[in-house]
Amino acid sequence: MAQDWNTDQEETEIEYVYEIDEDDTSEDGTSLEWEIDDSAAGERLDKFVADAFDDEAVSRTQIQEWIKAGAVLVNENEAKPKHRLVVGDVVTVNVPEAQPTEIVAEPIPLQVEYEDSDVIVINKQRGLVVHPAPGHSSGTVVNALLYHCKDLSGINGSIRPGIVHRIDKDTSGLLMAAKNDTAHASLSAQLKAHTVTRKYIALVHGNVPHERGTVDAPIGRDERDRKMFTVTEKNSRHAVTHFNVIERFGDDYTLLELQLETGRTHQIRVHMKYIGHPLAGDPMYGRSKTVDLNGQALHAAILGFEHPRTGEYLEFEAPIPDDMAHVLHSLRQR
């Protein structure tokens, strides 16, 4: 297991194997296709497709539902979720046409940074959940987007329309959503290829010893607590986080800029805990004695991507929220 955050480390090089053919579309919706090579041979069909979309794009449960419905084919034939792939197999996903959503549109205020007919970028406030979950169908970003936009992509099904990637409830900052399936496929492909720029500002405990570095450590479910994630070799996924020191507050805290190369659930929070510098205010992975903040001191400050229709690179920046700015001001006044 690699923990590498040396100041002289070169950027991690990754060979991308799968390419999405965005021009291949069906009458009902978007059609995506991959050809299996040695690196994916032996994988379960449902896991491969979930990984191909990236865990920020479509849930594995949604993938399994598509497979059972016959929307996922192997060599033009239906297969079971546990089907093992071999070299040369062609996997095709015919994304089902969007179904009427049962999620209620709600007039929740949104801070819109950019919007056109394909994509919308918002600056999410701390405390707002991104998408509904069982038993929690209201008061989310999705509810707000349905009220604001009226038109969202259906790739993620009725529970998460338009959602391409997520940030945690108590993380503030920039989030993009797709207004149609073509835009969704393009943005998801960019996430998969790690070409989306995602930079965060975080306050962590302790004095980080290096000015910059990289944490390259796989993340999976914590077997002792399934609600949490941890660095582990077992049933894990590749995860890479780069960081730069912005400011130090003695030996107590360090302000970091972090850039995601991958996008695993709770990735920054898990990686910072792993190197001994958990996020200040983090109720799951942090320390009991910390700053006066309702949630982790983490803000998605910069988001950049190629526009799915024009190909133009767009980048947005959102200042840290007032509550986090107040904490930093207090630390500077000590």
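You'll find the structure just up there.
These remarks concern the structure in this document. Quick caveat, the model's predicted, so the values are computed rather than measured.

Moving on to the side chain of Q296. Among the structural elements, Q296 can be located in the loop between helix 5 (267-274) and strand 15 (298-306). When its relative accessible area of 1% is taken as the criterion, Q296 is described as buried. A polar atom in the side chain of Q296 sits 3.0 Å from the side chain of T171. Excluding residues within four positions of it along the chain, Q296 makes contact with R126, D168, D170, T171, R269, L279, A280, G281, D282 and P283.

A separate point is empty space enclosed by the protein. What the rule picks out here adds up to 1 cavity of 30 Å³ or more. Roughly 30 Å³ of volume is contained in the largest cavity. In terms of lining, the largest cavity is formed by H165, L174, R198, K199, Y200, A300, I302 and L303. Taken together, the elements giving at least two residues each to the lining of the largest cavity come down to strand 8 (197-205) and strand 15. Tallied by class, the residues present in the lining of the largest cavity amount to 5 nonpolar, 1 polar and 2 charged.

This paragraph deals with the nonpolar core. Core analysis: the largest hydrophobic core is formed by 42 residues, its most contacted members being L145, Y200, L256, L258, I268, M272 and L279. Of the residues forming this core, the biggest block, 6 residues, is contributed by helix 3 (residues 141-149). With residues up to four places along the chain from it excluded, the contact list for L256 reads Y200, I201, A202, V204, V208, F243, N244, V245, I246 and M272.

Once that is clear, we can look at the sheet that holds strand 12 (residues 236-237). Strand order in the open sheet made by the 3 strands is 11-10-12, with antiparallel pairing throughout. Here the strands that pair on one side only, and so sit at the sheet edges, are strand 11 (225-231) and strand 12. Pairing between strand 10 (residues 219-222) and strand 11: 4 bridges, direction antiparallel. The residue of strand 11 that forms the bridge with D222 is D225. Lying over the sheet, helix 5 contacts strand 10 and strand 11, oriented at roughly 60° with respect to strand 11.

Of note, N75 is a non-glycine position whose phi angle comes to about 55°, a positive value. Within the secondary structure, N75 sits in the loop between strand 2 (72-74) and strand 3 (77-78). Of note in the backbone geometry, H266 takes a positive phi value of approximately 60° without being a glycine. Mapped onto the elements of the fold, H266 is located in the loop between strand 14 (253-260) and helix 5.

In this section: the pairing of strand 15. In terms of burial, strand 15 is a largely internal element, 8 of the 9 residues being buried. Note: strand 7 (residues 172-178) against strand 15, 2 bridges, orientation parallel. Within the sheet, the bridge partner assigned to G173 lies in strand 15 and is A300. Summarising the sheet, strand 8 and strand 15 pair through 6 bridges and their orientation is antiparallel. Bridge assignment links A202 to a residue of strand 15, and that residue is L298. One ladder, built from 5 bridges, connects strand 15 with strand 16 (residues 313-317); its direction is antiparallel. Bridged to G304 within strand 16 is E315.

Analysis parameters
Residues numbered from 1 in each chain as written. Predicted model: local features only at pLDDT ≥ 70, side-chain atom pairs only at ≥ 80, totals over all residues. Heavy atoms only, no water. Helix = DSSP H or I, 4+ residues; strand = E, 2+ residues; numbered from the N terminus. Buried < 20%, exposed > 50% of the residue type's maximum accessible area, 1.4 Å probe, protein only. Polar contact = N/O pair within 3.5 Å; in protein donor to acceptor, adjacent residues only side chain to side chain. Contact = heavy atoms within 4.5 Å. 1 Å grid on protein atoms, 1.4 Å probe; cavity = no way out; pocket = protein on both sides within 12 Å on 5 of 7 lines; lining within 4 Å. Points joined across faces, edges and corners; volume = space filled by probe spheres on them. Nonpolar A, V, L, I, M, F, W, Y, C, P; charged D, E, K, R; others polar. Core = buried A, V, L, I, M, F, W, Y, C linked by side-chain atoms within 4.5 Å. Pairing = 2+ DSSP bridges. Axes fitted to C-alpha atoms, helices over the stretch in contact; angles between N-to-C directions.

Note that every value here comes from positions in space, so none of it alone points to a role or purpose.
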